[in-house]
Amino acid sequence: MPLTTSEIQALDSAHYMHPFTDHKALAEKGARVITRGEGVYIWDSEGNKILDGMSGLWCVNVGYGRKELVEAAVKQMEVLPYYNSFFQTTNVPAVQLADRIIKLAGERYSHVLFGSSGSESNDTIVRMVRHYWTTLGQPERSVIISRKNAYHGSTMCGASLGGMSGMHAQGGLPIPGIVHIEQPYHFGLAPDQDKDAFGIEAAGWLEQKILEVGADKVAAFIGEPVQGAGGVIIPPKTYWPEIQRICDKYGILLICDEVICGFGRLGAWFGSELMGAKPDLMTFAKGVTSGYIPLGGVVVGKRVAEVLIEKGGEFNHGYTYSGHPVACAVALANLDLIEKEGLVERVRDETGPHLAHCFAALAEHPLVAGAETFGMVAGLVLMKDKHQHLAFDEDLEVGMICRKHCFAHGLIMRAVGDRMIVAPPLAMTKEQIDEMVRLIRLCLDATL
Ligand code: PLP
């Protein structure tokens, strides 16, 4: 006999500690039990069909129920379900995937170090950039500059690199040697300023911080091409080229966290490509397997790889599941599917522009003070009085109210403060985008 919803909820409440969850609040109504997915839809245990506007957690890029990925996992599990590559061994899918990712990333890169998540990948780069500078005889070059409101994961390094104050309030973070600058949030920080001028100014905060810390102490700068979990903060187009110029000027390594933006979400294989940045290191996860199985890693540029390989000796870092053959086989099948269906190009030429068009129309809604998209990510800013630029009272939690209506209307949309965001599967069609936008409009009307 299958368990009933209330039996599952009772077990959930008794034994399952959820990530990022207030369990007392959850216990009041019980968790929603998601049982199945197909295409861009998921179903709960009560049979409700829900349009997944968030691709799970920004990851189910090819959509749910793709047999090709399942078959790749089964085939690899039968042949070799696991073997590590610590002790002079390797495995075929890991090698093939590393080669494939390097070909996609371009000639600036030569190696990939795998882990299982975005957080692990960002932990890896903290050690890697410090080991790089130590190998070059500059161990004092250890400070990493990140940005406020960035999200780089929830391990100690990931959360320290991240710039969310709530995360830093717990567990004694950040770890030493990580400092933050303000994010390039034009709408929030300087809506009246010319956008391009603001982009240059915001990048200039990096230079100020470098000078404050001392250029000879700074190892690297890290940023997401588009800040995702922080609320889909799309920087002005002048921002990243200026960041690149500043990193070059001081010889600082540039790291792009491509965990959300990588593998097609912005309409290119890597978001940094579109931003005019040439990172020395890129971290990835999520979209590489469309979330079907955990996998992450670091794409290592030749500048770093050559030093580490030629002079660095053993890099004492790695994970039991680095280069996991099943995860890598699923990733290869996922990349095949993305290529076969031309999803990256579709986001760039078709669905991304259509989403932008639909969000421009949503900007007319009385609650919406700003609407921005980039490829298949989009954000709306809700305001009490958009003409006066008057925000809602924080205690009202307008985003959470809107999110409740989304739940009721069968739509997954995420609230970040007063910003409502979506990151739908890249496989979403134009008709499904229309359906999603129709639901968003209903939810906004209900929030009014
Ligand atoms: N980096 C970015 C930009 C992310 O959005 C996330 C997760 O949302 C992470 C890193 C952490 O990835 P994971 O949850 O796989 O550890």
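Bear in mind the structure is a predicted one, so any value in this text is a computation, not a measurement.

**With respect to the site of the ligand**
- With respect to spatial proximity, 17 residues lie near the ligand, and among them S117, G118, S119, G153 and V259 are the closest.
- Residue contributions to the shell around the ligand peak at 3 residues, all from helix α6 (residues 118-135).
- The residue makeup of the shell around the ligand, split by class, is 6 nonpolar, 9 polar and 2 charged.

**What to know about helix α4 (residues 67-79)**
- The end-to-end C-alpha distance of α4, which contains 13 residues, comes to 18 Å, matching closely the 18 Å that a straight helix rising 1.5 Å per residue would cover.
- For α4, the full list of buried residues reads L69, A72 and Q76. Each buried residue of α4 lies within a common arc of 60 degrees when the element is viewed along its axis, so the set occupies one face. The outward face of α4, more than 90 degrees from its buried face, is lined by the exposed residues K67, V74, K75 and E78.

**Looking at the sheet that holds strand β2 (residues 41-44)**
- Here we have 4 strands laid out as an open sheet, ordered β1-β2-β3-β13, and mixed in their pairing. At either margin of the open sheet sits one strand with a lone partner, and together these are β1 (34-38) and β13 (411-412).
- In this structure, β2 lies alongside strand β3 (residues 49-52), joined through 3 bridges in antiparallel fashion. Looking across to β3, one finds that W43 is bridged to K49.

**What to know about the domain arrangement of the chain**
- Splitting the chain by domain gives domain 1 (32-62 + 342-447) and domain 2 (69-340).
- Centre-to-centre separation of domain 1 and domain 2, based on C-alpha positions: 26 Å.
- In this assembly, 27 residues from domain 1 lie in contact with 23 residues from domain 2.
- Looking at the side of domain 1 that touches domain 2, the elements with two or more residues in it are α3 (55-58), α15 (343-362), β11 (368-374), β12 (377-382) and β15 (419-422).
- Per-element tally for the side of domain 1 that touches domain 2: the top contributor is α15, with 5 residues.
- Per-class residue counts for the side of domain 1 that touches domain 2 are 16 nonpolar, 8 polar and 3 charged.

**A word on the nonpolar core**
- I144, F221, V299 and L411 are the most contacted members of the largest nonpolar core, which has 125 residues in total.
- With 10 residues, the top contributor of residues to this core is helix α14 (residues 325-340).
- When residues of this core are assigned to domains, at least three fall in each of domain 1 (32-62 + 342-447) and domain 2 (69-340).
- Leave out the neighbours within four places in its chain, and F221 touches I145, L206, I243, C247, I252, L254 and I255.

**Looking at the pairing of β2**
- Where β1 and β2 come together, 4 bridges link them in antiparallel fashion. Directly across from E38, in β2, lies its bridge partner Y41.
- Counting the residues between successive antiparallel strands, the hairpin from β1 to β2 contains 2 residues, one of them, G39, with a positive phi of roughly 65 degrees.
- Taken together, β2 and the strand that follows it, β3, pair antiparallel across an intervening segment of 4 residues, in which G47 is found at a positive phi of about 90 degrees.

**Concerning the sheet that holds strand β6 (residues 178-181)**
- The 7 strands are arranged β4-β10-β9-β8-β7-β5-β6 in an open sheet whose pairing can be described as mixed. Every interior strand has two partners, whereas the edge strands, β4 (109-115) and β6, have only one. Ignoring strand direction, the axes of neighbouring strands in this sheet form an average angle of 20 degrees.
- Pairing of strand β5 (residues 143-147) with β6, which is carried by 4 bridges, proceeds in the parallel orientation. Bridge pairing in β6 places S146 opposite H180.
- Set on the sheet, α6 makes contact with β4, β5, β7 (218-223), β8 (253-257), β9 (281-284) and β10 (296-301); between it and β10 the angle comes to about 30 degrees.
- Set on the sheet, helix α13 (residues 302-311) makes contact with β4, β9 and β10; between it and β10 the angle comes to about 90 degrees.

Thresholds applied
- Residues numbered from 1 in each chain as written.
- Predicted model: local features only at pLDDT ≥ 70, side-chain atom pairs only at ≥ 80, totals over all residues.
- Near = placed C-beta within 6 Å.
- Helix = DSSP H or I, 4+ residues; strand = E, 2+ residues; numbered from the N terminus.
- Nonpolar A, V, L, I, M, F, W, Y, C, P; charged D, E, K, R; others polar.
- Expected span 1.5 Å × (residues − 1).
- Buried ≥ 20, exposed ≤ 12 C-beta atoms within 10 Å, placed from the backbone.
- Arc of directions from axis to C-beta.
- Pairing = 2+ DSSP bridges.
- Domains from an automatic or database assignment.
- Contact = placed C-beta atoms within 7 Å.
- Core = buried A, V, L, I, M, F, W, Y, C linked by C-beta atoms within 7 Å.
- Axes fitted to C-alpha atoms, helices over the stretch in contact; angles between N-to-C directions.

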